[in-house]
Amino acid sequence: MKYYIDVMYKLNKNNMLCIVFDIISLALGLMIGVIFLAEANVLVRDRESDDRLLNKDQFVVYEPSIGAEKIQNDKLLEMEKRTEGIQNILVENRLSDYVLKYNNRFCMDAAIVSVSDNFEAYVKPEAIKGKMIEQGNEILIGESIAERYDIHIGDTVEIDIYTFLVCGIAQVAKYKNTAVCLHSELSGVQYADCTYYVKADEQGRKKFDNELKQEGYADDINYVKVRELGQEVFKLKRGGRDYICYSPEEASYKEDEYFKSGWKPSILIAMVSLFYALLNIMNVELFFAMKQKKFIAVMQALGAAKWKMVLSKVFYSLFVSFFSSILAVSLTWGLQKTEFRYLVNMDIDARLIVAVIVFSQISYALFCYILYDRIYRKSVVNILLDG
């Protein structure tokens, strides 16, 4: 080890500018990849949060097509009471025409969702800081929205002509950018852009399907097998008068496919960024390798083993890649503390830092090994003749 460090020092003691440039170039190339990794890390943590804080495994998910009739609140209650085997029917309805307002400031990035009065069955108690909605004039605010606009429990917010008291902060990831209120408090608003969650045994689900068709809400119920379709599930037609249904397992697979579909372009951009950084470093390394040719020739003439000299450069690459990855993570962490976090939602933790360090060290060590192995395998005569 001491030998390699000594050789690395002798080869690079006069090239500090090269080392600094290598560290910065690789760090900038890595930073784009780290940003995408940090964004993906948020998705992973959000998925873990949803699995932990929502009763997703208990509910079948029904998504009505655009042309299908939507079951309204009063009809839902009737259907639930008269259908044996159904324990709960919950609704999540997105209100695209409504905007959250707090302290005379419009929160344009807050999604407004109205839910049925029994929606607390879908959310575990630990998902809420404060309490769940108990009265019509109460509202839940997502954690990210509360942090961004400094909204606290007990504050008053407005939606259109309605005024609500903030009863809790939703810490579950699914609703972190959402304001959730009871549908029954909003007069005249109909379910339109909605999703139904049905908790029932197999017999109850079949009866619910028959109710949908007999009452004219849907022509057919399509049970989707995401495991068979893969990412083709996102190309399913949403027209007509059908309801698309996902079992808890298939809904989980759908989330997996959504995650993977977002990763494909991210990985490509990250790899292009890293390749560009390595290309810049290669040009600089080649320049300084040319300057070191006489030193290399003398060391080889004195009997220095070629593989030991190559390994000394690999040690150099580990040094550079370690500090580059730390610099890249630090720059990304700094961006995470600025307004940039509203453009790209990021999260850096120990797992991400270790992954970046390991990846950068392996890729840069391989790059340096190939580059310097080509140089050091030449004979002393050829090295001197090239110089």
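An account of the accompanying structure is given in this report. (Residues numbered from 1 in each chain as written. Predicted model: local features only at pLDDT ≥ 70, side-chain atom pairs only at ≥ 80, totals over all residues. Heavy atoms only, no water.)

Regarding the overall build of the chain
Across its full length, the chain carries eleven helices and 13 strands. Sequence separation of at least 24 residues holds for 79% of the intrachain contacts in the chain that already meet a minimum separation of 6. When the accessible surface of the chain is totalled, it reaches about 20,300 Å², and 58% of it is carbon and sulfur. (Helix = DSSP H or I, 4+ residues; strand = E, 2+ residues; numbered from the N terminus. Contact = heavy atoms within 4.5 Å. Areas by Shrake-Rupley, 256 points an atom, 1.4 Å probe, with all protein chains shown as cover.)

Brief notes about the environment of L335
Here L335 lies in helix α9 (residues 306-336). Taking the C-alpha atoms as reference, L335 lies 9.1 Å from I35; in sequence the two are 300 residues apart.

Structural notes on a nonpolar patch on the surface
There is a patch of nonpolar side chains on the surface, built from V20, I24, L28, L327 and L331 and spanning about 380 Å² of accessible area. A total of three residues in the nonpolar patch trace back to one element, the largest contributor, which is helix α2 (residues 16-53). Structurally, I24 is set in helix α2. (Patch = residues over 30% accessible without salt bridge, like charges linked within 9 Å, V, L, I, M, F, W, Y side chains within 5 Å. Salt bridge = Lys/Arg side-chain N within 4 Å of Asp/Glu carboxyl O.)

Considering the side chain of S360
With respect to the secondary-structure elements, S360 resides in helix α10 (residues 350-376). Beyond its immediate sequence surroundings of up to four residues, S360 is in contact with L30, S321 and S325.

A closer look at the side chain of S114
Mapped onto the elements, S114 comes out in strand β5 (residues 111-115). Judged by relative accessible area, S114 falls into the buried class, the value being 0%. Of note is the side chain of S114, whose polar atom sits 3.0 Å from the side chain of H183. For S114, the residues in contact, after removing those within four places along its chain, are V91, E92, N93, L95, C181, L182, H183 and L186. (Buried < 20%, exposed > 50% of the residue type's maximum accessible area, 1.4 Å probe, protein only. Polar contact = N/O pair within 3.5 Å; in protein donor to acceptor, adjacent residues only side chain to side chain.)

Let's talk about helix α5 (residues 202-214)
Taking 1.5 Å per residue, 13 residues should reach 18 Å; α5 reaches 18 Å between its end C-alpha atoms and fits that length. The backbone nitrogen of Q203 has a side-chain oxygen 3.3 Å away, supplied by the residue at the start of α5, namely D201. One or two positions beyond α5, positive phi appears at G216, with a value near 85°. (Expected span 1.5 Å × (residues − 1).)

A look at the pairing of strand β9 (residues 162-170)
With seven of its nine residues buried, β9 lies for the most part within the structure. The pairing of strand β6 (residues 128-130) with β9 spans three bridges and is classified as antiparallel. Residue pairing in the sheet places G130 in a bridge with G168 of β9. When strand β7 (residues 138-142) meets β9, the two strands line up parallel, connected through five bridges. By the bridge assignment, L140 is partnered in β9 with G168. Relative to β9, strand β8 (residues 156-159) is paired through four bridges, and the arrangement is antiparallel. Along β9, the bridge assignment pairs E158 with T163. Hairpin connection, β8 to β9: the antiparallel pair is bridged by two residues, and D160 has positive phi, about 55°. (Pairing = 2+ DSSP bridges.)

Some thoughts on the packing of aromatic side chains
Per the stated rule, a full pass over the model turns up ten aromatic pairs. Between Y162 and F164, the aromatic rings sit 6.5 Å apart at their centres with planes inclined by 40°, giving tilted as the arrangement. Here Y162 matches F164 in class, with each residue buried. Taken together, the ring pairs connect F59, F119, Y122, Y175 and Y197 into an aromatic cluster. (Phe/Tyr/Trp six-rings, centres within 6.5 Å; stacked < 30°, edge-to-face > 60°.)

As for the pattern of salt bridges
On inspection of all chains with the given rule, the structure shows 14 salt bridges. A salt bridge links K56 to E255, with the shortest nitrogen-to-oxygen separation between them at 3.1 Å. Taken together, the residues K56 in the loop between α2 and β1 (60-64) and E255 in helix α7 (residues 248-291) connect sequence positions 199 residues apart. Overall, K56 belongs to the buried group, its relative accessible area being 17%. Exposure remark for E255: the relative accessible area of 28% places this residue in the partly exposed category.

Structural notes on unusual backbone geometry
Residues apart from glycine generally show negative phi values, whereas peptide bonds are mostly found in trans. Despite not being glycine, N103 has its phi angle at roughly 55°, a positive value. Secondary-structure assignment places N103 in the loop between β3 (100-102) and β4 (105-107). Look at N104: it is not a glycine, yet its phi comes out positive at around 60°. Residue placement: N104 occurs in the loop between β3 and β4.

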